[in-house]
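Working through the structure, step by step
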Amino acid sequence: ANEERSFIAVKPDGVERGLVGEILRRFETRGFKVLALELTHPSEQLLREHYGDLASKPFFPKLLAYMQSGPVAAFVIQGKGAVKIGRAMLGATNPQDSAPGTIRADFALDIGKNVCHGSDSVESAEREIALWFPQGIKSYTRAVDAVLYE
Ligand code: DAT
Ligand code: MG
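Definitions and limits used
- Residues numbered from 1 in each chain as written.
- Chains lettered and ligands numbered in written order.
- Predicted model: local features only at pLDDT ≥ 70, side-chain atom pairs only at ≥ 80, totals over all residues.
- UniProt positions renumbered as here; feature names shortened; annotations may be inferred.
- Helix = DSSP H or I, 4+ residues; strand = E, 2+ residues; numbered from the N terminus.
- Contact = placed C-beta atoms within 7 Å.
- Pairing = 2+ DSSP bridges.
- Axes fitted to C-alpha atoms, helices over the stretch in contact; angles between N-to-C directions.
- Core = buried A, V, L, I, M, F, W, Y, C linked by C-beta atoms within 7 Å.
- Buried ≥ 20, exposed ≤ 12 C-beta atoms within 10 Å, placed from the backbone.
- pLDDT = per-residue confidence, 0-100.

The name an unreviewed UniProt entry gives the chain is Nucleoside diphosphate kinase, with Coemansia erecta as the organism. The Catalytic activity (unreviewed entry) field of the UniProt record for the chain holds the comment "a 2'-deoxyribonucleoside 5'-diphosphate + ATP = a 2'-deoxyribonucleoside 5'-triphosphate + ADP".

Set out below in structure tokens:
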């Protein structure tokens, strides 16, 4: 139950603005274990798979261009409630609706430049992790987990 994983990414605007450390720090200090970490230039093919459910949306071409406008910082977090808490920490898709204290509310204003991505379900997380880290990821043990969990 404490092994749940989520795929989190800092989008090109977040990388450009120097927010990778700040965003990663929030997940680290919350207690999540960082399992994988990569600065990557996603191909169009990868993005079409990643956002497969959005291919018919009018904003899809803009979304593809945005996601290829620079490197993306991709990481995997692991811990209790990783998917749900990950989404809560990112905030609503549209930063205009994101609650204060969330990443999107604290660092973004526009839905088309919303700084970060997080998996929306355990199934999406598994699919996205396999897509962005095809080489596979390795787990490891942390002494601090004995202190973090009851
Ligand atoms: P989320 O990223 O919160 O999971 P999503 O999966 O519905 O949201 O959409 C993926 C991304 O596409 C989102 O982060 C920003 C962009 N997007 C979504 N809806 C949009 C819209 N109406 N106009 C422009 N961009 C949009
Ligand atoms: Mg989504």
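Here we come to the overall build of the chain. What the chain contains, in helices and strands, is eight helices and four strands. For the C-alpha atoms alone, the extent of the chain along its principal axes is close to 45 × 35 × 25 Å. The long-range fraction of contacts in the chain, counting pairs at least 24 apart against all pairs at least 6 apart in sequence, stands at 71%.

We now examine the UniProt feature "binding site: ATP" (unreviewed entry) in the chain. Sites flagged by UniProt as "binding site: ATP" (unreviewed entry) map to Lys 11, Phe 59, Arg 87, Thr 93, Arg 104 and Asn 114. Along the chain, Lys 11 falls in the loop between strand S1 (5-10) and helix H1 (12-16). Once residues lying within four places of it in the same chain are set aside, the contact partners of Lys 11 are Met 67, Val 72, Val 115, Cys 116 and His 117. If we skip the residues at most four places from it in the chain, Arg 104 touches Leu 90, Gly 91, Ala 92, Pro 95, Ser 98, Asn 114, Val 115 and Cys 116.

Below, the discussion takes up the sheet that holds S1. Taken in spatial order, the four strands make up an open sheet running S2-S3-S1-S4, and their pairing is antiparallel. Two strands in the sheet have a free side with no partner beyond their single neighbour: strand S2 (33-40) and strand S4 (116-118). Each strand axis lies, on average, 15 degrees off the axis of its neighbour in the sheet, ignoring direction. For S1 and strand S3 (residues 72-78), the ladder comprises six bridges, and the chain directions are antiparallel. Across the sheet, the residue bridging to Ile 8 is Phe 75, located in S3.

Judged by nonpolar contacts, the single largest core of 27 residues is most densely connected at Ala 9, Val 10 and Cys 116. Secondary structure elements with two or more residues in this core: S1, helix H2 (20-30), S3, helix H5 (82-90), helix H6 (103-107) and helix H7 (122-132). Looking at this core, the element that brings in the most residues is S3, giving six residues.

In the Ramachandran plot, Val 115 falls in the positive-phi region, its phi being about 75 degrees despite a non-glycine side chain. Tracing the backbone through its elements, the reader meets Val 115 in the loop between H6 and S4.

Note that predicted coordinates carrying low pLDDT should not be read in detail. Chain-level statistics for the chain give a pLDDT mean of 98 and a share of 100% at 70 or above. Mean pLDDT in the chain bottoms out at helix H8 (residues 145-148), which sits at 95, and peaks at S1, which reaches 99. For this predicted complex, the interface confidence reaches an ipTM of 0.98, while the overall pTM sits at 0.98.

As a further point, take the pairing of S3. Most of S3 is tucked away: seven of the seven residues are buried. Neither face of S3 is exposed, since Val 72, Ala 74, Val 76 and Gln 78 on one face and Ala 73, Phe 75 and Ile 77 on the opposite face are all buried. One ladder, built from seven bridges, connects S2 with S3; its direction is antiparallel. Within S3, the position partnered with Val 34 by the bridge is Ile 77.

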